[in-house]
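Structural features, examined
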Amino acid sequence: MKFRPCIDIHDGKVKQIVGGSLDDNLGADTNYVSEYGAEFYGRLYRTCNLPGGHIILLNKPGSREYIEDMRAAGKAISQFPGGFMVGGGVTPQNASEYIRLGASHVIVTSYVFRDGIIDFDRLEEMKNEVGREHLVLDLSCRKKAGDESGLYYVVTDRWQNYTDTALTHETMDMLSDYADEYLIHAVDVEGKKGGIDKELIELLGSWQGDRAITYAGGVASFKDLDIIKELGKNRVDVTIGSALSIFGGNMDFHQVIEYME
């Protein structure tokens with residue numbers, strides 16, 4: 001299990017928001033707004049030797065705010081070339097630009113889903129543009145209210161829309177030819193610092209595939225890390241947001257690094 005750092009950018013600023021609350025017109029429920037720019041975190045993660053972090057751009061692609069997000073992301077990447085993966089509004093038209101800026105991977109969800117299902121033509125397009133070795137699929141998910149199957153469904157468009165794609169071992173097997181890694185937020189607990197989704201972690205930990213997986217959502221204590229390590233069979237990496245001291249939380253950043261070591 002590895003610690004994967006994060007930089008979430010909204011309106012050009014580093015923030016921590018409540019997952020699933022983001023609305024283009026109403027904004028988002030915000031836990032934390034940093035006084036530091038994204039480049040500060042880029043330097044910090046480089047100094048602490050924490051590659052494989054995720055930069056997520058939270059504004060609507062094409063908006064003035066999204067351009068501000070891109071500029072901030074570029075500043076972070078410049079401090080740690082090869083140390084970050086970039087997601088949020090990624091398409092074949094801008095994916096290669098992030099790689100040229102120094103991102104190790106791009107992260108995609110919404111572009112490769114159309115009308116609620118996987119668009120394999122678009123998936124092939126993304127793979128051809130940057131190569132499987134530079135592509136991370138974000139399969140962030142949540143359960144549907146009233147759905148008795150108990151399945152998790154992939155959600156897109158900043159977690160506002162359900163797809164018809166259930167997150168199962170079969171789905172992960174099918175997509176592994178297209179992705180180097182998976183990033184999976186437990187949307188219903190993301191940003192709430194109220195505990196992790198144990199059922200989802202157990203699902204991820206029991207997958208027999210060979211792609212790296214990063215879990216995000218609800219981590220609030222070192223006990224949560226113990227549980228992720230156990231249920232994830234020490235193979236599921238983890239990212240921590242609002243609970244981390246560098247984002248105003250109670251989990252000391254350097255103690256988290258020591259725990260992982």
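Scroll up to find the structure this text is about.
Residues numbered from 1 in each chain as written. Predicted model: local features only at pLDDT ≥ 70, side-chain atom pairs only at ≥ 80, totals over all residues. Heavy atoms only, no water.

A look at the pairing of strand β15 (residues 236-239)
The two faces of a sheet get side chains in turn, since along a regular strand they alternate between them. Using the following cut-off: The cut-offs for exposure are 20% and 50% of the maximum accessible area for each residue type, with area from a 1.4 Å probe on protein chains only; residues under the lower value are buried, those over the upper are exposed, and the others partly exposed. Strands here mean DSSP runs of E at least two residues long; helices mean DSSP runs of H or I at least four residues long; both are numbered from the N terminus. For two strands to count as paired, DSSP must find a minimum of two bridges between them. We call a crossover right-handed when, viewed with both strands directed away from the observer, the connection leading from the first strand over the helix to the second proceeds clockwise.
The alternating pattern of β15 places Val-236 and Val-238 and Asp-237 and Thr-239 on opposite faces, both of which are buried. Pairing between strand β14 (residues 212-216) and β15: 4 bridges, direction parallel. Residue pairing across strands places Thr-214 opposite Asp-237, the latter belonging to β15. In this fold, β14 hands off to helix α7 (residues 222-231), which returns the chain to β15; that crossover is right-handed.

Concerning helix α2 (residues 64-79)
An α-helical turn contains 3.6 residues, so a residue and the one three or four places further along point in the same direction. Put simply, the rule is: An expected span of 1.5 Å times one less than the residue number is assigned to each helix. To obtain the arc, one takes the directions from the helix axis to the C-beta atoms. Contacts are assigned to residue pairs with any non-hydrogen atoms lying within 4.5 Å of each other.
When the terminal C-alpha atoms of α2 are compared, their 24 Å separation across 16 residues agrees well with the 22 Å that a helix rising 1.5 Å per residue should span. Within the span of α2, buried status applies to Tyr-66, Asp-69, Ala-72, Ala-73, Ala-76 and Ile-77. Viewed along the axis of α2, the buried residues span an arc of 140°, placing them on a single side of the element. Exposed residues pointing more than 90 degrees away from the buried face of α2 are listed as Arg-64 and Arg-71. Those residues of α2 that are buried are in contact with β1 (6-10), α1 (38-47), β4 (53-57), β5 (84-87) and α3 (92-101).

With respect to unusual backbone geometry
Most peptide bonds take the trans form, and the phi angle of most residues other than glycine is negative. Phi angles above zero are rare outside glycine, and Asp-115 is one such case at about 55°. Its place among the elements puts Asp-115 in the loop between β7 (113-114) and β8 (117-118). Exposure remark for Asp-115: the relative accessible area of 73% places this residue in the exposed category. For Asn-234, which is not glycine, the phi dihedral falls at a positive 65°. Position of Asn-234 relative to the elements: it lies in the loop between α7 and β15.

Looking at the sheet that holds strand β10 (residues 141-143)
Pairing between the strands of a sheet is mediated by backbone hydrogen bonds and can be parallel or antiparallel. The condition that has to hold: Between N-to-C directions, angles cover 0 to 180 degrees, with each direction set by a line fitted to C-alpha atoms, over the stretch in contact for helices.
Spatial strand order, β10-β11-β12: 3 strands in an open sheet with antiparallel pairing. Single-partner strands in this sheet number two, and they are β10 and β12 (161-166). Each adjacent strand pair in this sheet contributes to an overall mean axis angle of 50°, direction not counted. Bridging between strand β11 (residues 152-156) and β12 involves 3 bridges; their strand directions are antiparallel. The residue bridging Tyr-153 from the neighbouring strand is Ala-166, located in β12.

Some words on the pattern of salt bridges
Basically, it comes down to this: The rule for a salt bridge is simple: a side-chain nitrogen of Lys or Arg has to be within 4 Å of a carboxyl oxygen of Asp or Glu.
The final tally for this structure, using the stated rule, is 11 salt bridges. Note that Asp-237 and Arg-4 form a salt bridge whose closest N and O atoms lie 3.2 Å from each other. Of this pair, Asp-237 sits in strand β15 while Arg-4 is found in the segment before β1, placing the two residues 233 residues apart along the sequence. Take Asp-237: its relative accessible area is 7%, and that puts it in the buried class. Note that Arg-64 and Glu-65 form a salt bridge whose closest N and O atoms lie 3.2 Å from each other. Residue Arg-64 is classed as exposed on the basis of its relative accessible area of 56%. Classification of Glu-65 as partly exposed rests on a relative accessible area of 24%. The structure contains a network of salt bridges with shared partners spanning Arg-4, Glu-181 and Asp-237.

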